[in-house]
Amino acid sequence: MEHDAGQGTGSGQDSGAGPGPDGPVSGRPGLMPGAGGPGARRAAAPLAGFAYTAADEEKQRGVRRMKTTATGLLLLVALVYVLATWAKNEGVGGWPGYVAAAAEAGMVGALADWFAVTALFRRPLGLPIPHTAIIPTKKDQLGESLGSFVGENFLSGDVVRDRIHALGVGARLGAWLAEPDHADRVTAELATALRGALTVLRDADVQAVVGEAITRRADAAEVGPGIGKMLEKVVADGGHRRVVDLVCVRAHDWLVEHGESVMDAVQGGAPGWTPRFVDKRVGERVYKELLRFVTEMRDMPGHPARDSIDTFLTDFAADLQTDSDTRARVERLKSEILGRGEVQDVIASAWSSVRTMIIAAAEDERSELRLRARASLMSLGARLATDERLQAKLEGWLEDAAVYVVTTYRTEITSLISDTVAGWDADQTSKKIEAHIGRDLQFIRINGTVVGALAGLAIYSVSRALGG
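Residues numbered from 1 in each chain as written. Predicted model: local features only at pLDDT ≥ 70, side-chain atom pairs only at ≥ 80, totals over all residues. Heavy atoms only, no water.

## Quick look at the pattern of salt bridges
How we decide: Just to be clear on terms, a salt bridge is a Lys or Arg side-chain nitrogen sitting within 4 Å of an Asp or Glu carboxyl oxygen. By the criteria applied, helices consist of DSSP H or I runs no shorter than four residues and strands consist of E runs no shorter than two, each listed in order from the N terminus. The buried label applies to any residue whose accessible area, calculated with a 1.4 Å probe on protein chains only, is under 20% of its type's maximum; exposed applies above 50%, and partly exposed to all values in between.
Scanning the entire structure with this criterion turns up 16 salt bridges. Among the ionic pairs, Arg306 bridges to Asp245, the shortest N-O distance being 2.5 Å. Here Asp245 lies in helix α11 (residues 240-257) and Arg306 lies in helix α14 (residues 304-322), a separation of 61 residues in the sequence. On the basis of relative accessible area, Asp245 is assigned to the partly exposed category, the value being 33%. Connected through salt bridges with shared partners, the residues Arg285, Glu289, Arg292 and Glu296 form a single ionic network.

## Quick word on the packing of aromatic side chains
This is how it is decided: Two rings from Phe, Tyr or Trp (for Trp, the six-membered ring) form a pair when their centres are within 6.5 Å of each other. A pair whose planes differ by under 30 degrees is stacked, one over 60 is edge-to-face, and the rest are tilted.
For the coordinates displayed, the defined rule picks out three aromatic pairs. Geometrically, the ring pair formed by Phe149 and Phe154 is edge-to-face, given 5.9 Å between the ring centres and 65° between the ring planes. Here Phe312 and Phe316 contribute two aromatic rings whose centre-to-centre distance is 6.0 Å and whose plane-to-plane angle is 5°, an arrangement assigned as stacked. Residue Phe312 and its partner Phe316 are both found in helix α14; the two are separated by four residues, about one turn of the helix. You can call Phe312 exposed: its relative accessible area is 54%. A residue is classified by how much of its surface remains accessible, and Phe316, at 32% relative accessible area, is partly exposed.

## So, helix α3 (residues 54-89)
Along an α-helix, residues three or four apart share an orientation, since each turn contains 3.6 residues. For the record, the criterion: One less than the residue count of a helix, multiplied by 1.5 Å, gives the span that helix is expected to have.
Counted at 1.5 Å a residue, the expected span for α3 with its 36 residues is 52 Å, and the 52 Å between its end C-alpha atoms agrees. Within the sequence span of α3, burial applies to Asp56, Gln60, Gly62, Val63, Met66, Lys67, Ala70, Thr71, Leu74, Val77, Ala84 and Ala87. After α3 finishes, the residue Gly91 shows a positive phi value of roughly 95°.

This is the structure in structure tokens:
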């Protein structure tokens, strides 16, 4: 009898380990949202087999030991029934009737529970009895029911929101981040992720995107009015005067150092028919006047030339904002500059420089980037640990995000369960489940034997007491 209970339908139960990644896996149709809209039915793709491991085999040996114990108890009560019945037939009065009744009911209970337990995993004695081999034959329906149960009871918005709120993520995260060791760990992980992301990106692709983005943004935006406003503010604040001072100082120093060159240049531009001494005197005169002019501009903040520069810059700033011709010329100049190959090369190479700088900073534990990131994380952690408003805001974001995910993708999540179960091999699924819960199920057989015997004894005793 136990042989039939252990074998059942045969090959599926005793075939050993389940099919490997390349082995056959049943692919039953499941409900999956797809191109055809929600609930569109399509065949479930073959999924990874329900692997039967060495740990499962060890559990299965424990199941077999419990089967032997339960079957041994059934054989024991059967032997007791035979002996008690023989004693009763031999004329022994009193106790044989009670023992026989208890043993008989114990056999009935044991057989009934054997049938119930066996029917979960296979057909008892191999007979096609309705509503048996429940797990192999109803596996897909069980998977869909499990998916629906999870979706209704675990993936509802209220459940997710209440659970996240009860966790107190804000305060716990803040306290965790405020610890220096934890901030160091997060900083290191972020640096590793940043280096990985920058390593994966192809320089040529990023350079092309950066160059196109900068060029397109520059072409789309008119720069004249912006430059005019900035220049107007600089002139109003007197910021340009330092530049004028610097130019005057540099010009004066250059004239002092290169006086001979200036005079030679003036003499070289004189007509050929003028006497040499005249050319020399003219050159000296021009140089002295030029030096005097630059010296006066350098030393006199109120020099008329400085006022002329202020007026020119003020007028030019206004033209940049209001004069259409000036703005058009600036736009043409901008397009010509952006169109030059040298400028495009500089824009494209900017990514390489930025990438190298970021990677170097991410790798250096003492870099300003990592130190600032660490300090920011610890500061955020300290605020989160004490600021209830910030905690509530963070938890609200997390709750909203989690609720959005579970409500938007609930069908996809639950279909993952049902489709995964549908992709398992029926016999291997039955075998693995039996390995995990079969030992407890064998206790049902033992309990059925004991409870049946006690019930039979009680019924026999009552009937005898009533004169039966």
